[in-house]
Amino acid sequence: MKIKNMLLKDGFTLSFEVFPPKREGSLESLYLTIQNLVTLEPHFISVTYGAGGSTRDKTVKIASTIKNEVGTEVLAHLTCVQATREDIVGVLNDLKNENIENVLALRGDPPQEEKVFIKTAGGFGYANELVEFIKAHDNFSIGVAGYPEGHIEAPDLDTDIANLKRKVDAGADFIITQLFFNNDDFYRFRDRATAQKIAVPIIAGIFPIFNYKQIAKMVALSGAKIPSRFHDKIYKISDKNEEVEKYGIEYAIVQSEHLLGNDVSGLHFYCMNKSDHISQIVRDLSLPTQKNVTTPE
Ligand SMILES: Cc1cc2nc3c(=O)[nH]c(=O)nc-3n(C[C@H](O)[C@H](O)[C@H](O)COP(=O)(O)OP(=O)(O)OC[C@H]3O[C@@H](n4cnc5c(N)ncnc54)[C@H](O)[C@@H]3O)c2cc1C
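Numbers given to residues run from 1 along each chain, matching the order in which its sequence is written. Whole-chain, interface and lining totals are the exception, using all residues; otherwise, since this is a predicted model, local features are given only for residues with pLDDT of at least 70 and side-chain atom pairs are given and counted only at 80 or more.

**Topic: the site of the ligand**
Right, on to step 1. Any residue whose C-beta atom, as set from the backbone, lies within 6 Å of a molecule or strand is reported as near that molecule or strand. Surrounding the ligand, one finds 24 residues, the nearest of these being Thr48, His77, Arg107, Ala127 and Ala145.
Right, on to step 2. Sort the elements by how many residues they give to the shell around the ligand and helix 6 (residues 157-169) lands first, with 4 residues. Helix and strand definitions here come from DSSP, where helices need a minimum of 4 consecutive H or I residues and strands a minimum of 2 consecutive E residues; each element is numbered from the N-terminal end.

This is the structure we're talking about:
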């Protein structure tokens, strides 16, 4: 089913994000994680696309397994990095052949050896061009990325939202946000997007912290700010993994409940290919469309 139609039908989506593991052996463990996540009855699971198309085949394979074997709807990420139009057509055709109906259209980050994003000859410079191309190619439901604190390269939030509007005007059906820890950033972003006449649903990206070391890496990658109260608390318990995970779970529950109380269109959990902490969070939430989620014996 298309995510666009799920959002119309239920007015809310619960979703999880996983990534293709680097080592072949870890694939089995990812499928176990997916089996656990599926018991939480998500509307869809998304599968990321590695730098420079490095996971192209794995992304398609994992997405296909989720859709066709596990029986859960899927969102396949796709980036423009080091890809020509022909490469993109190849991926879209692979997805179509696997009955995958939803694509998250992204520009992608520059490869490690490059400081800025350089458009590949015969490819795309911005995600709005990819959205337009996918729209013309086939009938996928298309999602795009949004940044509550502004994209790292954007001069300011309003310019970034104007660029987000280009993606929506090109045909995007929904937005999934970068992770954030301060809901006020999300509400401000949503208000400003509405003021710029962006009318598609905005799904909030939630990253439950379960390990202190993750924080620095994740902040460097996403540019997300950590509220000082949150950071101080985590820092004090940084050498006690169980306590960090417990606090991360509590924080994600409070953050999600507040978003649910403020009409969020969806919650998208960055799972880091783990399910235990996600299960604890989701089972504690009063989700609008949750259907008989049962606790395992
Ligand atoms: C939910 C989510 C999932 C993600 N999944 C992946 C993944 O699977 N793989 C991966 O490699 N990365 C992923 N990313 C990271 C993403 O690729 C990076 O954040 C990347 O730097 C920007 O991608 P974008 O699609 O937002 O780019 P764009 O929307 O193209 O924006 C990039 C920058 O250019 C500006 N801009 C946009 N359009 C224009 C225009 N027409 N003219 C001038 N300026 C413009 C924007 O303001 C922004 O600063 C994900 C991010 C999110 C939020």
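**A few points about the nonpolar core**
Right, on to step 1. Val74, Ala76, Val103, Ala105, Val131, Ala172 and Ile175 are the most contacted members of the largest nonpolar core, which totals 76 residues.
Right, on to step 2. Residues within four places of Val131 in sequence aside, it is in contact with Ala105, Ile142, Val144, Lys167, Ala170, Gly171 and Ala172. Take the buried Ala, Val, Leu, Ile, Met, Phe, Trp, Tyr and Cys residues, join any whose C-beta atoms are within 7 Å, and the set you get is a nonpolar core. Field definition: a residue is buried when 20 or more other C-beta atoms are found within 10 Å of its C-beta, exposed when 12 or fewer are, and partly exposed for counts in between, with C-beta atoms placed from the backbone. The contact criterion used is a C-beta to C-beta distance within 7 Å, with each C-beta placed from the backbone.

**Digging into the environment of Val254**
Right, on to step 1. By the secondary structure assignment, Val254 is in helix 10 (residues 241-260).
Right, on to step 2. Owing to 11 C-beta atoms within 10 Å, Val254 belongs among the exposed residues under this scheme.

**Considerations on the pairing of strand 1 (residues 13-18)**
Right, on to step 1. Burial of strand 1 is extensive: 6 of the 6 residues sit out of reach of the surface.
Right, on to step 2. Note: strand 1 against strand 8 (residues 266-270), 5 bridges, orientation parallel. Across the sheet, the residue bridging to Leu14 is Leu267, located in strand 8.
Right, on to step 3. By the convention used here, strands pair only if DSSP detects at least 2 bridges between them. Alignment of strand 1 against strand 2 (residues 44-47), held across 4 bridges, turns out to be parallel. Counterpart to Phe16 in the pairing with strand 2 is Ile45.
Right, on to step 4. Taken together, strand 1, helix 2 (residues 26-38) and strand 2 form a β-α-β motif whose crossover is right-handed. Seen with its strands pointing away from the viewer, a crossover is right-handed if its path from the first strand over the helix to the second goes clockwise.

**Comments concerning helix 10**
Since the α-helix turns once every 3.6 residues, residues separated by three or four places project in the same direction.
Right, on to step 1. A rise of 1.5 Å per residue sets the reference length of helix 10, with its 20 residues, at 28 Å; its end C-alpha atoms lie 28 Å apart and thus fit the reference within 8%.
Right, on to step 2. The elements touched by buried residues of helix 10 are helix 7 (183-195), strand 7 (202-206), helix 8 (212-222), helix 9 (228-236), strand 8 and helix 11 (276-282). Expected span of a helix: the number of residues minus one, times 1.5 Å.

**Here's the deal with unusual backbone geometry**
Note: most residues except glycine have negative phi, and most peptide bonds are trans.
Right, on to step 1. A positive phi angle, close to 50°, is found at Gln82, a residue other than glycine.
Right, on to step 2. Relative to the assigned elements, Gln82 resides in the loop between strand 3 (74-79) and helix 4 (85-97).
Right, on to step 3. The partly exposed category is assigned to Gln82, around which 17 C-beta atoms lie within 10 Å.
Right, on to step 4. Despite not being glycine, Asp263 has its phi angle at roughly 55°, a positive value.
Right, on to step 5. Among the secondary structure elements, Asp263 is positioned in the loop between helix 10 and strand 8.

**As for the packing of helix 4 against helix 5 (residues 127-137)**
Geometrically, a packed helix pair is captured by the angle between its two axes and the distance between the axes.
Right, on to step 1. The contact between helix 4 and helix 5 brings their axes to 11 Å, and the two run at 55°. Considering the angle they form, helix 4 stands oblique to helix 5. In this structure, the crossing between helix 4 and helix 5 has a hand that is right-handed. Contacts from Arg85, Ile88, Val89 and Leu92 of helix 4 reach helix 5 at Phe133, Ile134 and His137.
Right, on to step 2. Here the contact of helix 4 with helix 5 is composed, by residue class, of 5 nonpolar, 1 polar and 1 charged. The angle between two axes is taken between their N-to-C directions and runs from 0 to 180 degrees, where each axis is a line fitted to C-alpha atoms and a helix contributes only its stretch in contact. Note that the term roughly parallel is reserved for angles under 35 degrees, roughly antiparallel for angles over 145, roughly perpendicular for angles of 65 to 115, and oblique for everything else. We call a crossing left-handed when the near helix sits turned anticlockwise from the far one by less than a right angle, and right-handed when that turn is clockwise. Amino acids outside the nonpolar list (Ala, Val, Leu, Ile, Met, Phe, Trp, Tyr, Cys, Pro) and the charged list (Asp, Glu, Lys, Arg) are all regarded as polar, and Gly is one of them.

Interpretation note: all reported values are geometric properties and have no functional meaning in isolation.
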